[in-house]
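One letter stands for each residue in the lines below.
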Amino acid sequence: MQLARELTTFQRELPELLREPANRNRHALIHGDRIAGVFDTPESALEAGYDLFGFDPFLVQEVTDAPVPVVFSRNIAPCRL
Amino acid sequence: MPIITGPITLGGAVVDVLVGVDDARIRLLRKHGLPVPTSRHVRAMVDTGASLSGFDQAVFTSLGLTPTRQRPVATPSTPTGAPFMAAEFYVRLSLVAGGVAHPFKNAWVIAVTGFQPSEGFTGLIGRDVLDYCSFSYHGTAKHFEFSF
């Protein structure tokens, strides 16, 4: 699975990120086993990811304990990471 | 304001979309002297039941993109409270009206599978795009208008 390491890192670090109220609903940039930064928008996190890590895989995730699902009325089969 | 008009087919209201890499990725490719992949043409159904747009996984693979986010996705078949996690990509979307591609916006979209060949499309235009458009479905006349 792509980005498995980054997903594990994010799940591990999420409680700590949420402890700082200013991080809530901002966007974490994750590379390997570390959080590289927290940004106001996912686009700014993405741009920083390209600047810092080039073509290396990285992950951008919202810092929230209540992610809102996107909804499809059709039975699509999403591709997982 | 560009206007797309078309017939309502068995697949519904289907539009032509170009999916390409986003500006930050273009800068990265150029910095390394690599070619920028040509945007991919996708036939996509306008789907008011989709809160986000999505395209067949092959589109992203052919652009050399890897996912950078994951999003929870709920469909009629996902158990309540247990959405799928789907791979998400940041891309540049252009819409084709009158044979001309009009740059539209950069957008986060997901990779999906499960399109049937008989449907005639491999993408869904969701409300994330419709939020910036006008869409008229003229059922009795069997045609639609989509302006942006």
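Residues numbered from 1 in each chain as written. Chains lettered and ligands numbered in written order. Predicted model: local features only at pLDDT ≥ 70, side-chain atom pairs only at ≥ 80, totals over all residues.

Notes on the overall build of chain B
At step 1: A count of helical and extended segments in chain B gives three helices and ten strands.
At step 2: Expected size for 148 residues packed as a compact globule is a radius of gyration near 15 Å; at 16 Å, chain B falls within 12% of this value.
At step 3: With the principal axes as the frame, chain B shows a C-alpha extent of 55 × 40 × 30 Å.
At step 4: Within chain B, the proportion of its 148 residues that are buried is 39%. (Helix = DSSP H or I, 4+ residues; strand = E, 2+ residues; numbered from the N terminus. Rg over C-alpha atoms; globule rule 2.2 N^0.38 Å. Buried ≥ 20, exposed ≤ 12 C-beta atoms within 10 Å, placed from the backbone.)

Regarding the interface of chain A and chain B
At step 1: Each partner contributes residues to the interface: chain A has 27 residues there, and chain B has 34 residues.
At step 2: Going through the elements one at a time, helix H2 (42-53), strand S3 (59-62), strand S4 (70-71) and strand S5 (77-78) of chain A are the ones with two or more residues in the side of chain A that touches chain B.
At step 3: Sorting elements by how many residues they give to the side of chain A that touches chain B places H2(A) first, with five residues.
At step 4: Summarising the sheet, S4(A) and strand S5 (residues 69-74) of chain B pair through two bridges and their orientation is parallel. Looking across to S5(B), one finds that Val71(A) is bridged to Ala74(B). (Contact = placed C-beta atoms within 7 Å. Pairing = 2+ DSSP bridges.)

Section: helix H1 (residues 4-19) of chain A
At step 1: In this model H1(A) runs 24 Å from its N-terminal to its C-terminal C-alpha over 16 residues, within 8% of the 22 Å that 1.5 Å per residue would give.
At step 2: At Glu13(A), H1(A) is bent by approximately 45°, the largest bend along its length, and proline Pro15(A) sits one to four residues beyond. (Expected span 1.5 Å × (residues − 1). Bend = angle between axes of the 7 residues up to and from the residue.)

A short note on the pairing of strand S1 (residues 3-9) of chain B
All names here are of chain B.
At step 1: In this structure, S1 lies alongside strand S10 (residues 143-147), joined through five bridges in antiparallel fashion. The residue of S10 that forms the bridge with isoleucine 3 is serine 147.
At step 2: With two bridges joining them, S1 and strand S2 (residues 12-21) adopt antiparallel strand pairing. Within S2, the residue paired with threonine 9 across the bridge is glycine 12.
At step 3: Adjacent in sequence and paired antiparallel, S1 and S2 are bridged by two residues.

Here we look at the environment of Pro79(B)
Residue and element names in this part refer to chain B.
At step 1: Summarising the element assignment, proline 79 is placed in the loop between S5 and strand S6 (84-97).
At step 2: Classification of proline 79 by C-beta neighbours within 10 Å gives exposed; the count is 7.
At step 3: Sequence spacing of proline 79 and isoleucine 110 is 31 residues, and the spatial spacing of their C-alpha atoms is 20 Å.

What to know about the sheet that holds strand S2 (residues 34-39) of chain A
The pairing of strands in a sheet comes from backbone hydrogen bonds and takes either a parallel or an antiparallel form.
All names here are of chain A.
At step 1: Spatially, three strands are ordered S2-S1-S3 in an open sheet, and the strand pairing comes out antiparallel. Each edge of the sheet is formed by a strand with only one pairing partner; in this case those strands are S2 and S3. Within this sheet the neighbouring strands show an average axis-to-axis angle of 30°, counted without direction.
At step 2: With five bridges joining them, strand S1 (residues 27-31) and S2 adopt antiparallel strand pairing. By the bridge assignment, isoleucine 30 is partnered in S2 with isoleucine 35. (Axes fitted to C-alpha atoms, helices over the stretch in contact; angles between N-to-C directions.)

Description of the nonpolar core
At step 1: Within the largest apolar cluster, 54 residues are counted, with the highest numbers of intra-cluster contacts made by Val15(B), Val17(B), Ala44(B), Met45(B), Ile110(B), Ala111(B) and Ile125(B).
At step 2: In this structure, Val17(B) is in contact with Val42(B), Ala44(B), Leu93(B), Leu95(B), Gly123(B) and Ile125(B), ignoring residues within four places of it in sequence. (Core = buried A, V, L, I, M, F, W, Y, C linked by C-beta atoms within 7 Å.)

What to know about the pairing of S1(A)
Residues and elements named next belong to chain A.
At step 1: In terms of burial, S1 is largely enclosed, as four of its five residues are buried.
At step 2: Pairing of S1 with S3 involves four bridges; the strand directions are antiparallel. Among the inter-strand pairings, alanine 28 is bridged to a residue of S3, identified as glutamine 61.

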